[in-house]
Amino acid sequence: MKLKTWQKNILSALVIVVGGFILFNLAFLLAAFVINGLMSIMGMPENATPPALGKVLYIIIIAIISWIIFISKFNIFIKATFLTLPLMIALVMVGIALYGQSKLLIIAIGAIIISAVILYLRKKKLPWQYYFATFYDAVLALCIIFFNIQI
């Protein structure tokens, strides 16, 4: 059975949503591994504030993995799905950095990040899957803020 265009598009969107969700969970596990591992190496107790070095190391690891994925010859669906990961990490890091500040400020900075990504996507004339991944992250980040979800 051959899928119609609209069926392929729905399937693509589902792959991005499910794949993004799986990537978010893997990313948070990686963050815990890197940050807790660094704290253990430094001899810090488990309840200590994580060192900034751990966050920086985590971001560097994600940046390297992202760079490898985006320059590869992987399918558009894989790249668009993977776009959800660094974008969500950026939005979460903004939320963490501005914890306790106005939700409006956090949303404004998130909107600037999302707008910059959309401008980049338009400049590069990338397919709709990248836009979908970007809007998926934006909606998910807004849900985290409005429903006060603790991550």
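What you are looking at is a predicted structure, and each value in this text was computed from that prediction instead of being measured. (Residues numbered from 1 in each chain as written. Predicted model: local features only at pLDDT ≥ 70, side-chain atom pairs only at ≥ 80, totals over all residues. Heavy atoms only, no water.)

## Points about the layout of surface pockets
Any empty space left between atoms is shown by rolling a water-sized probe over those atoms. In this model, the largest pocket occupies a volume close to 1,000 Å³. Along the wall of the largest pocket there are 34 residues; nearest its centre are Val92, Gly95, Ile96, Ile144 and Ile151. If you list the elements that add at least two residues to the lining of the largest pocket, you get α1 (5–41), α2 (52–71), α3 (76–97), α4 (103–124) and α5 (128–146). Counting residues per element, the lining of the largest pocket draws most heavily on α3, at eight residues. (1 Å grid on protein atoms, 1.4 Å probe; cavity = no way out; pocket = protein on both sides within 12 Å on 5 of 7 lines; lining within 4 Å. Points joined across faces, edges and corners; volume = space filled by probe spheres on them. Helix = DSSP H or I, 4+ residues; strand = E, 2+ residues; numbered from the N terminus.)

## Overview of the side chain of lysine 79
In this structure, lysine 79 sits in helix α3. No salt bridge is formed by the buried lysine 79. Its closest oppositely charged neighbour is aspartate 137, at 17 Å. (Buried < 20%, exposed > 50% of the residue type's maximum accessible area, 1.4 Å probe, protein only. Lys, Arg positive; Asp, Glu negative; His and termini not counted. Salt bridge = Lys/Arg side-chain N within 4 Å of Asp/Glu carboxyl O.)

## Brief notes about the nonpolar core
The biggest cluster of nonpolar side chains holds 14 residues, and the ones touching the most others in it are Ile114, Leu121 and Tyr130. Residue assignment for this core shows that the elements contributing at least two residues are α3, α4 and α5. Per-element accounting of this core gives the leading share, five residues, to α5. If we ignore the near neighbours within four places in the chain, the residues touching leucine 121 are Leu126, Tyr130, Tyr131 and Thr134. One finds Ala27, Val34, Ile62 and Leu85 within the second-largest nonpolar core, a separate group that totals ten residues. (Core = buried A, V, L, I, M, F, W, Y, C linked by side-chain atoms within 4.5 Å. Contact = heavy atoms within 4.5 Å.)

## Overview of the environment of phenylalanine 74
By the element assignment, phenylalanine 74 lies in the loop between α2 and α3. The sequence separation of phenylalanine 74 and isoleucine 149 amounts to 75 residues, and the corresponding C-alpha distance is 33 Å. Apart from residues lying up to four places away in sequence, phenylalanine 74 is in contact with Ile69 and Lys79.

## Things to note about a nonpolar patch on the surface
On the surface, Phe28, Leu142, Phe146, Phe147, Ile149 and Ile151 cluster together into a nonpolar patch covering about 640 Å² of accessible area. Within the secondary structure, phenylalanine 147 sits in the segment after α5. By relative accessible area, which is 62% here, phenylalanine 147 ends up exposed. (Patch = residues over 30% accessible without salt bridge, like charges linked within 9 Å, V, L, I, M, F, W, Y side chains within 5 Å. Areas by Shrake-Rupley, 256 points an atom, 1.4 Å probe, with all protein chains shown as cover.)

## Regarding the packing of α3 against α5
Close contact between α3 and α5 brings their axes to 8 Å; oriented N to C, the two are set at 30 degrees. Classified by the interaxial angle, the pair formed by α3 and α5 is roughly parallel. For the pair α3 and α5, the crossing hand works out as right-handed. Residues Ile76, Phe77, Lys79, Ala80, Leu83, Thr84, Leu87, Met88 and Leu91 of α3 form the contact with α5, whose own contacting residues are Gln129, Tyr130, Ala133, Thr134, Tyr136, Asp137, Leu140 and Ala141. Partitioning the contact of α3 with α5 into residue classes produces twelve nonpolar, three polar and two charged. (Axes fitted to C-alpha atoms, helices over the stretch in contact; angles between N-to-C directions. Parallel < 35°, antiparallel > 145°, perpendicular 65-115°, else oblique. Left-handed = near helix turned anticlockwise from the far one by under 90°. Nonpolar A, V, L, I, M, F, W, Y, C, P; charged D, E, K, R; others polar.)

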